[in-house]
Every structure is written in structure tokens, then in C-alpha cells.
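Here's the letter readout for the chains.
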Amino acid sequence: PAPQSEYKAVARFVIGEKKCELNGVEVDLDVAPYLKEGRTYLPVRYAVQALGIGDGGIQWNGAAGIVTINDGSRTLKLLIGSKVMYAGNLPVAMDVAPEIADPGRTMLPLRCVAEALGAKVEWDAAGQTVTVLKEG
């Protein structure tokens, strides 16, 4: 992999910990990342921040249960409970679905979203740590 200085965003999350590291800065989370069906789930806000996208790049339609993520060049739409993500207008099958976790946070399967937005995801099973690398 390229040296971390070549990345626009670098984020590290540890399963079960309510803190993460975004670009070298420790950030408190209100919901800890967790594993379900072999996938890492993160709160949507921190998942997109890990990709270098600000809060303005997230839209939530609570009535429809749809989260829209826009990084300036790509748009993803995910429906709570659906294993189909839309990248632009193209359906992309996922093996798990986004869900809502206490206290009402939208949780996304990280790898599906990150890779659809051009990021790399690395998993350290021993440390239960996921690292997201987004090139600049």
C-alpha cells in the first residue's frame, strides 16, 4: 500500500470501542462499531467522515428509511433493511443490509460503502481493527 501521507483520509475503528481515529485525531463515537454476519457496521456519519466526506454529504430520509451519500462525484443510496445499494442509478447487491441501532443510529456495512466510493478497507482480525484509506 501507499504511505499513509498519500491518502486524503485515514480512519481506524476498533470493534466495540466508542472512539476512533480520523486522520490522526481521536474522535468519540456515540455507537461502537460492531460485527454482524462477518461484516463491520459503523454509524453513517463516521463511515463517511472516514472517507473524507463532511456531514453535508449525507442526507437522511427518515420517513422512507433511505440514506444518501454524495462525495461530489458519486452518489450512493441505501435503504434500511435492503441488501441492494444504488450507486448512481445502478443497483449493487450487498450481502448484508444497513440497519438502525440504539440510540437510533443508522449503521452501514462499511466495506460495501467504502469500496463503492473508491476507498480501501483493511481488516486486522487479531486487533479487531478496521482501517479505511481514501486516496486524495
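Further up the page is the structure itself.
With respect to the overall build of the protein chain
- Tallying secondary structure elements over the protein chain gives two helices and 14 strands in all.
- Taking 136 residues into account, the globule formula puts the C-alpha radius of gyration at 14 Å, and the protein chain, at 14 Å, falls close to it.
- In the protein chain, buried positions account for 41% of the 136 residues.
- Sequence-distant contacts in the protein chain: of pairs separated by 6 or more residues, those separated by 24 or more amount to 43%.
- For the protein chain, the computed accessible surface area is about 7000 Å², with 49% contributed by carbon and sulfur atoms.
- Each charge class in the protein chain can be summarised by its mean position, and for the 14 positive and 16 negative side chains these summaries are 5 Å apart.

Some details on the pairing of strand β2 (residues 19–22)
- Only one face of β2 is covered, namely the one carrying Cys20 and Leu22; the face carrying Lys19 and Glu21 has none of its residues buried.
- Pairing of strand β1 (residues 7–14) with β2, which is carried by three bridges, proceeds in the antiparallel orientation. Its bridge partner being in β2, Phe13 is matched across the sheet by Cys20.
- Turn length for the β2-strand β3 (residues 25–28) hairpin, with the two strands adjacent in sequence and antiparallel, is two residues, and the turn residue Asn23 shows positive phi of about 50 degrees.

Comments concerning the sheet that holds strand β5 (residues 39–43)
- Read from one edge to the other, the open sheet built from four strands follows the order β4-β5-β12-β11, with strand pairing classed as antiparallel. Each edge of the sheet is formed by a strand with only one pairing partner; in this case those strands are β4 (34–36) and β11 (99–101). Put simply, the sheet's adjacent strands are angled 45 degrees from each other on average, direction ignored.
- As defined by bridge partners, β11 adjoins strand β12 (residues 105–109) across three bridges and the pair is classed as antiparallel. The residue of β12 that forms the bridge with Ala101 is Arg105.

Looking at the side chain of Thr131
- Along the polypeptide, Thr131 turns up in strand β14 (residues 129–135).
- In contact with Thr131, other than residues within four places in its own chain, are Val10, Ala11, Arg12, Lys120, Val121 and Glu122.

Quick notes on unusual backbone geometry
- The amide bond that connects Asp102 to the next residue, Pro103, takes the cis arrangement and shows omega of 5 degrees.
- Along the polypeptide, Pro103 turns up in the loop between β11 and β12.
- Even without a glycine there, the phi angle at Glu37 is positive, about 50 degrees.
- Considering the arrangement of structural elements, one finds Glu37 in the loop between β4 and β5.
- Judged by its relative accessible area of 58%, Glu37 falls in the exposed class.
- Notably, Gln128 is not glycine yet its phi reads approximately 50 degrees, a positive angle.
- Its place among the elements puts Gln128 in the loop between β13 (120–124) and β14.
- A relative accessible area of 29% places Gln128 in the partly exposed class.

Comments concerning the pattern of salt bridges
- Here the structure, examined in full by the defined rule, presents eight salt bridges.
- Across the salt bridge formed by Asp95 and Arg39, the nearest N and O atoms sit 2.8 Å from each other. Residue Asp95 is located in the loop between β10 (90–93) and β11, and its partner Arg39 is located in strand β5; the two are separated by 56 residues in the primary sequence.
- For Asp95, a relative accessible area of 38% gives the class partly exposed.
- By relative accessible area, Arg39 is classed as partly exposed at 29%.

Analysis parameters
Residues numbered from 1 in each chain as written. Predicted model: local features only at pLDDT ≥ 70, side-chain atom pairs only at ≥ 80, totals over all residues. Heavy atoms only, no water. Helix = DSSP H or I, 4+ residues; strand = E, 2+ residues; numbered from the N terminus. Rg over C-alpha atoms; globule rule 2.2 N^0.38 Å. Buried < 20%, exposed > 50% of the residue type's maximum accessible area, 1.4 Å probe, protein only. Contact = heavy atoms within 4.5 Å. Areas by Shrake-Rupley, 256 points an atom, 1.4 Å probe, with all protein chains shown as cover. Lys, Arg positive; Asp, Glu negative; His and termini not counted. Charge placed at Lys NZ, Arg CZ, Asp CG, Glu CD. Pairing = 2+ DSSP bridges. Axes fitted to C-alpha atoms, helices over the stretch in contact; angles between N-to-C directions. Salt bridge = Lys/Arg side-chain N within 4 Å of Asp/Glu carboxyl O.

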